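So the chains spell out like this:
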Amino acid sequence: MRVAWLSHQFAAEKPLPARPGLLPGLYAGGAERSTEEMLAQVPDGVEVTRFRLPAGFGDLSGFDRVVVGSTEALSPLAVKALVKYRPVLWVRSVQDERFARLFDAARLVVWPSHEIVKFHPWFKGDYEVCPAPLDPAEVPRGMPKEDFALWAGRDHPQKGEAAARAWAIEEGVRFVAMKNAPRREVLEAMGRARWFVHLPASPDPCPRTVIEAEIAGCEIVTNDLCGRVPVRGADAVAEYVSGSAERFWTWTLNAS
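The rules behind the values
- Residues numbered from 1 in each chain as written.
- Predicted model: local features only at pLDDT ≥ 70, side-chain atom pairs only at ≥ 80, totals over all residues.
- Heavy atoms only, no water.
- Helix = DSSP H or I, 4+ residues; strand = E, 2+ residues; numbered from the N terminus.
- Rg over C-alpha atoms; globule rule 2.2 N^0.38 Å.
- Buried < 20%, exposed > 50% of the residue type's maximum accessible area, 1.4 Å probe, protein only.
- Lys, Arg positive; Asp, Glu negative; His and termini not counted.
- Charge placed at Lys NZ, Arg CZ, Asp CG, Glu CD.
- Contact = heavy atoms within 4.5 Å.
- Pairing = 2+ DSSP bridges.
- Axes fitted to C-alpha atoms, helices over the stretch in contact; angles between N-to-C directions.
- Core = buried A, V, L, I, M, F, W, Y, C linked by side-chain atoms within 4.5 Å.
- Phe/Tyr/Trp six-rings, centres within 6.5 Å; stacked < 30°, edge-to-face > 60°.
- Salt bridge = Lys/Arg side-chain N within 4 Å of Asp/Glu carboxyl O.

> In this structure, what is going on with the overall build of the protein? I would like to understand it.
A count of helical and extended segments in the protein gives 9 helices and 10 strands. Taking 256 residues into account, the globule formula puts the C-alpha radius of gyration at 18 Å, and the protein, at 19 Å, falls close to it. C-alpha extents for the protein along the principal axes are approximately 60 × 35 × 35 Å. Looking at the protein as a whole, 51% of its 256 residues qualify as buried. Of the side-chain charges in the protein, 31 are positive and 33 negative, and the distance between the mean point of each set is 4 Å.

Dropping the structure here:
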């Protein structure tokens, strides 16, 4: 089976410097890492061709499936062209109503969490939920917990560092902020932190950091703007995300 995958959320071809609101290196954020992890688990017998948006994609009629992994870089003409292919949509961000036509035409819509759907009143269709695929073995577990609250994320107001700091002050607990820090250092801190605080200022569909922190055994402090994995508890979350890619590909290849 041949699959065309359209997105602007691929790993960079070479490491990039830090940019406002984005991480340095190959991954500008969690969506880029999630895309690469999903594509690393393509089933046997499936050939994926990448189309990096916003570049043109031409005629896709030779593909058995078209997957749209992000919409933000699609022009109105591109949306119109994609409708006839009835794509699979796996989106990791809040969607604009201008893409409603594409969602209506999709053979399958996959959101990262149930919570994020409520921010799209124009979307009335059926859907599946698939958060970021990740390997739970990368997350330290069983470490002694220390009495501090951790916030970790990109240097962007949407990620709610100020709100997290205010929570810690109100609760009288030590606060540690890790801004644009290397992932291995963040994961190690999650292993030790008693609380992980993520209070986004706008809808955050299902952040990888929250998934990783829960697997690490942190108590999660968040708000209604944060999407979550549909299960709770370190073991349940670890099992759920370890199967994300398999579920996604099964849905995609069998979607009618």
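Having seen the structure, we can now continue with the description.
> Is there a simple way to think about the environment of Ile215 in this case?
Among the secondary structure elements, Ile215 is positioned in helix α7 (residues 208–215). With sequence-adjacent residues up to four places away left out, Ile215 is seen in contact with Leu134, Pro136, Val139, Arg141, Ala234, Val237, Ala238 and Val241.

> I would appreciate a short explanation of the sheet that holds strand β5 (residues 108–111) in the present structure.
Paired through backbone hydrogen bonds, the strands of a sheet run either parallel or antiparallel to each other. If you trace the 6 strands from one edge of the open sheet to the other, you get β2-β1-β3-β4-β5-β6, paired in parallel fashion. Both outer strands of the open sheet, β2 (47–52) and β6 (128–129), are each paired with one neighbouring strand and no more. As paired strands, strand β3 (residues 65–68) and strand β4 (residues 88–90) are joined by 2 bridges and run parallel to one another. Bridge assignment links Val67 to a residue of β4, and that residue is Val88. Across the sheet, helix α9 (residues 244–254) is in contact with β1 (2–7), β2, β3, β4, β5 and β6; its angle to β3 comes to roughly 135 degrees.

> Hey, could you run me through the nonpolar core in this one?
In a soluble, globular protein the nonpolar side chains are often hidden away together inside. Leu6, Phe57, Leu60, Leu74, Leu82, Phe103 and Trp111 are the most contacted members of the largest nonpolar core, which has 29 residues in total. Taken together, the elements giving at least two residues each to this core come down to β1, β3, α2 (76–83), α3 (100–105), β5 and α4 (114–117). What Leu6 contacts, discounting residues up to four positions off in sequence, is Phe51, Leu53, Phe57, Leu60, Val66, Val67, Val68, Gly69, Ser70 and Leu82.

> Just to check I follow, could you spell out unusual backbone geometry for this structure?
If a residue is not glycine, its phi is most likely negative; likewise, a peptide bond is most likely trans. Note the cis peptide between Leu53 and Pro54, where omega equals 10 degrees. Relative to the helices and strands, Pro54 is located in the loop between β2 and β3. Although it is not a glycine, Arg86 sits at a positive phi angle of roughly 45 degrees. For Asn180, which is not glycine, the phi torsion reads 55 degrees and is therefore positive. In this fold, Asn180 is placed in the loop between β8 (174–179) and α6 (183–192).

> What should I look at first to understand the packing of aromatic side chains in this one?
Aromatic ring pairs: the centre-centre distance and the angle between the two ring planes describe each pair. All told, the structure shown has 12 aromatic pairs when counted by the stated rule. Geometrically, the ring pair formed by Phe103 and Phe123 is edge-to-face, given 5.9 Å between the ring centres and 75 degrees between the ring planes. With Phe103 in helix α3 and Phe123 in the loop between α4 and β6, the pair connects residues that are 20 residues apart, well separated along the chain. A single burial state applies to Phe103 and to Phe123, both of which are buried. Both rings, one in Phe248 and one in Trp249, keep their centres 5.4 Å apart while their planes meet at 80 degrees; by these two values the pair is edge-to-face.

> Even after reading the chapter, I still don't get the sheet that holds β8, so can you show me in this structure?
The sheet built from 4 strands is open, its strands ordered β8-β7-β9-β10 with parallel pairing. Each edge of the sheet is formed by a strand with only one pairing partner; in this case those strands are β8 and β10 (219–222). Averaged over neighbouring strand pairs, the angle between their axes works out to 25 degrees when direction is ignored. In this sheet, β8 lies alongside strand β7 (residues 146–153) in parallel orientation, the contact comprising 6 bridges. Among the inter-strand pairings, Trp151 is bridged to a residue of β8, identified as Ala177. Sheet strands touched by helix α5 (residues 161–171): β7, β8, β9 (193–198) and β10. Its angle to β8, the strand with the most contacts, is close to 165 degrees. The strands touched by α6 are β7, β8 and β9; relative to β7, the strand with the most contacts, the crossing angle is about 150 degrees.

> Help me out: how do you make sense of the pattern of salt bridges in this one?
Any two side chains of opposite charge can pair, given that their charged atoms come close. For the structure shown, the criterion picks out 15 salt bridges. Between Arg183 and Glu138 there is a salt bridge; the shortest N-O distance is 3.0 Å. Placement of Arg183 in helix α6 and of Glu138 in the loop between β6 and β7 is noted, with a sequence separation of 45 residues between them. Classification of Arg183 by relative accessible area gives partly exposed; the value is 23%. For Asp147, the salt bridge is made with Arg194, and the minimal N-O distance between the two is 2.4 Å. Of the two residues, Asp147 is situated in strand β7 and Arg194 in strand β9; the sequence distance between them amounts to 47 residues. For Asp147, a relative accessible area of 52% puts it in the exposed group. Residue Arg194 is classed as partly exposed on the basis of its relative accessible area, which comes to 27%. Among the ionic contacts, a cluster of salt bridges with common partners joins Glu37, Glu138, Arg183, Arg208 and Glu212.

Purely geometric numbers; function is a separate question.
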